[in-house]
Amino acid sequence: MSSTGTLRKIIAFFLRDFAIARGYRGALVLETIDALFGVATFFYLSRFVESPELERLLPAGSNYFAFALVGFAFFDYLSVALSAFDSSIEEARQNRTLEALLVTQTPLRVILLGSAAYPFVALALRTCVYLGWGALFFGFVPSHANWLGALLILAASILAFLGLGILSASYQILFKRGNPAKWVVLGISGLVGGMMYPVAVLPAPLRLLAHLIPVTYALEGMRAALLGGAGWIELWRSLLALLMFAAVLIPLSFLVFGWALRRTKITGTLTHI
Amino acid sequence: MRIEAGFAQASSVITARMCASSPAIVVENLQKYFPPAYSGWRAFAQPVAKATECALAGISFQVEAGEAVAIVGHNGAGKTTLLRTLATLIFPTRGRALLGGFDVAHEAAGARRQLGYHTGGDEGFYARLTGRQNLTFFAAMNNLTGREAHERIAAVTEWMGIPGEIDRQVRTLSTGMTHRLGLARALLHGPAVLLLDEPTRSLDPLAAADFRRLLKDELVRRRGTTLLFASHTLSEVEAVADRVLVLDHGKSAAYDSPTRIRVSTGARTFEEAIARLTRSSAAMESIG
């Protein structure tokens, strides 16, 4: 299939999911308001925990509120990457569209990528809402941000997370539900990835573990770019690490996914719930 | 005119494929074994479990282009497994199946270009979207976009008798309408071969009769589409099928026209013939 054809199909998936989401406008409004509550919670938590000792561990020029807000908003990219692919399979199984999709002229890998298009765009908007509420009401002003650097870190992070997401989907098509790999990755990443506190506060073994997972580099790079206004020299380490994760995880995940798909076609369980 | 033009285009594609003298479907010694279904911790071994349960035990048959063939047999005889194998949804264990000249296991993309697949219980649509939005999406999945998709959707919905319903959300459609929408989806890309699994299962008797006329007169006779369908309704099989493949415990018990099957078994009715061939006096689930 040509890249134009693939792109057209991914757009068709996006339009499908956008049309479905439009049917639930109330939910969109409530999610936007819910984000305000989340940001407000971080703000008041930060007023409680901020101390000179803590500030020493944060990127230069930032405070705990900005640190936690960026951590919380961008950790979601890992969550969405891990759930978008297997959720798309699960939903298609549940609403019984999977079989209809599988007999079309669209390979399953394009079905997977297409199904993830809307969740990532929606997440980008949600991130803007989070940062927007922070800026509007709670003094979050990334005035020194390196926006281009932040975008590159985000793109590299998504690539690194995609591999994990496709591995998660492989588990989903093989074993249907209760994806422990997803929860292990999310659990470890939440614990040691630096979402709510700097990696520096962790004991040495956990710090080592932190450097073996992509979300650490994603959050480190994003905070450096957004809060510290870091230049390319300071960002290259995070970028390189994320691209290396992507270079290993994406081919590996497609290999595993191909194997899983083949096995389910042999066992006849691909569309089973 | 536009509708006719849309179908003329689809039909010309079909005709071009059918000009080749090769059969539309070739199945040679097709075998399918499934592993037993595990639960609990053993379910983790399911993907590599040894396939021991026989669903198809070496089926061979051919379907000529433009022919209507029915598959009959008791529950568990292998009808759905055969159709799902041809639809590229599962791999055969041994043997091979060609659809429009493409091996369904090794050239699945080519085979999918040739086929439309629809099951009688098919309600697999996005309920909050309209019929048109659903069809537009599935048209895109079959490489139809823009004006071509628009014209094809207009053509198939007109043909299915649902042009007035297509702009309603699918969740508001009746079972019969949803069923027609499903068939419209299967026909969108003008497939040369149509695979149907119990196509009238969820239709009332009048709608089912309409549907049979549509299959036989329009699809097979007029458009030249090759039809392979599974059914428990023997009157439907007699009315629509040129030939019947009788399956019994994964084996082919007969493959001939309904009349010849009745004569060769010495039975008074087709129903009796099928009962004899499947070694059971139990009637089929429904005899229409």
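The residue numbers shown here count from 1 along each chain, following its written sequence. As they are written, the chains are lettered A onward and the ligands numbered 1 onward, keeping that order. Per-residue local features of the predicted model are confined to residues with pLDDT of at least 70, and side-chain atom pairs are confined, for both listing and counting, to 80 or more; whole-chain, interface and lining totals are unaffected and use all residues.

Engineer: When you look at the overall build of chain A in this model, what are you seeing that I'm missing?
Structural biologist: Numbering of helices and strands runs from the N terminus; a helix is a DSSP stretch of H or I covering at least four residues, while a strand is a stretch of E covering at least two. Counting secondary structure elements, chain A contains eleven helices and zero strands. Its helices and strands in sequence order give chain A the pattern α-α-α-α-α-α-α-α-α-α-α, from N to C terminus. Two things to know: the radius of gyration comes from C-alpha atoms, and the globule rule equals 2.2 Å times the number of residues to the power 0.38. Taken over the C-alpha trace, chain A has a radius of gyration of 20 Å; the compact-globule value for 273 residues is 19 Å, and the two agree within 12%. In terms of principal-axis extent, the alpha carbons of chain A reach across some 60 × 45 × 35 Å. Residue pairs qualify as contacts under a 7 Å threshold applied to their C-beta atoms, which are placed from the backbone. In chain A, the proportion of contacts linking residues at least 24 apart, taken out of those at least 6 apart, comes to 78%.

Engineer: Looking at this structure, how should I read the interface of chain A and chain B?
Structural biologist: Often, the extent of an interface is quoted as the loss of accessible area upon association of its parts. At the interface, 27 residues of chain A touch 31 residues of chain B. Ranked by the residues each element gives to the side of chain A that touches chain B, the list is headed by helix α1 (residues 3-22) of chain A, at seven residues. Taken together, the residues of the side of chain A that touches chain B break down into eleven nonpolar, nine polar and seven charged. For this classification, Asp, Glu, Lys and Arg are treated as charged, while Ala, Val, Leu, Ile, Met, Phe, Trp, Tyr, Cys and Pro are nonpolar and the rest, including Gly, are polar.

Engineer: Whenever I open this one, helix α7 (residues 205-222) of chain B confuses me. Can you help?
Structural biologist: For an α-helix the count is 3.6 residues per turn, leaving residues at separations of three or four pointing the same way. Residues and elements named next belong to chain B. Here the expected span of a helix is defined as 1.5 Å times the quantity of residues minus one. Relative to the 26 Å expected for 18 residues at 1.5 Å per residue, α7 spans 24 Å between its end C-alpha atoms, a close match to the ideal helical length. A maximum bend of about 25 degrees is found in α7 at L214. Here a residue counts as buried when 20 or more other C-beta atoms fall within 10 Å of its C-beta, as exposed when 12 or fewer do, and as partly exposed in between; the C-beta atoms come from the backbone. Three or more residues of α7 are buried, namely A208, F211, R212, L215, L219 and V220. Next to the buried residues of α7 lie β3 (68-72), β7 (193-197), β8 (226-230) and α8 (234-240). Among the residues trailing α7, G224 stands out with phi positive, at a value near 75 degrees. We define the bend at each residue as the angle formed by axes fitted to the 7 residues ending at it and the 7 residues starting at it.

Engineer: I'm lost on the environment of A66(A) in this one. Help?
Structural biologist: Residue and element names in this part refer to chain A. Considering the arrangement of structural elements, one finds A66 in helix α4 (residues 64-94). In this structure, the C-alpha to C-alpha distance between A66 and L226, residues 160 residues apart in sequence, is 9.4 Å. Excluding its chain neighbours within four sequence positions, the residues that come into contact with A66 are F140 and L227.

Engineer: Where do I start with the pairing of β7(B) in this structure?
Structural biologist: Successive residues of a regular strand alternate their side chains across the two faces of the sheet. Residues and elements named next belong to chain B. Across the five residues of β7, five count as buried, placing the element largely inside the fold. Residues V193, L195 and D197 line one face of β7 and the alternating positions L194 and L196 line the opposite face, and both faces are buried. By definition, two strands form a pair when at least two bridges between them are found by DSSP. Sheet topology note: the β7/β8 ladder contains five bridges and is parallel. Each bridged residue has a counterpart across the sheet, and for L195 the counterpart in β8 is L228.

Engineer: When you look at the nonpolar core in this model, what are you seeing that I'm missing?
Structural biologist: Buried Ala, Val, Leu, Ile, Met, Phe, Trp, Tyr and Cys residues whose C-beta atoms connect them within 7 Å together make up a nonpolar core. Among the nonpolar cores identified, the biggest contains 156 residues, and L69(A), A81(A) and L195(B) are the most heavily contacted of them. At 19 residues, the largest contribution of residues to this core is made by α4(A). Apart from residues lying up to four places away in sequence, L69(A) is in contact with V39(A), F42(A), Y130(A), G134(A) and F140(A).

Engineer: I tried to follow helix α5 (residues 146-160) of chain B on my own but got confused; where do I start?
Structural biologist: Residues and elements named next belong to chain B. In this model, α5 (15 residues) spans 21 Å end to end at C-alpha, consistent with the 21 Å of a helix rising 1.5 Å per residue. Here α5 has its buried residues at A149, R152, I153, A155, V156, T157, W159 and M160. Once α5 ends, the next one or two residues include G161, with phi positive near 75 degrees.

Engineer: Help me out: how do you make sense of the sheet that holds strand β6 (residues 115-119) of chain B in this one?
Structural biologist: Sheets are built from strands paired through backbone hydrogen bonds, the pairs being either parallel or antiparallel. Residue and element names in this part refer to chain B. Pairing is mixed in the open sheet, where six strands are placed in the order β6-β7-β8-β3-β9-β10. At either end of the open sheet lies a strand with only one pairing partner, and these are β6 and β10 (251-256). Neighbour to neighbour, the strand axes of the sheet diverge by 15 degrees on average, direction disregarded. An axis is simply a line fitted to the C-alpha atoms; with a helix, the fit covers only the stretch in contact. Between two such axes, the angle follows the N-to-C directions and lies from 0 to 180 degrees. The strands touched by helix α2 (residues 79-86) are β3, β7, β8 and β9 (243-248); relative to β7, the strand with the most contacts, the crossing angle is about 145 degrees. This element, helix α10 (residues 270-277), spans β3, β9 and β10 of the sheet and lies at about 35 degrees to β9.

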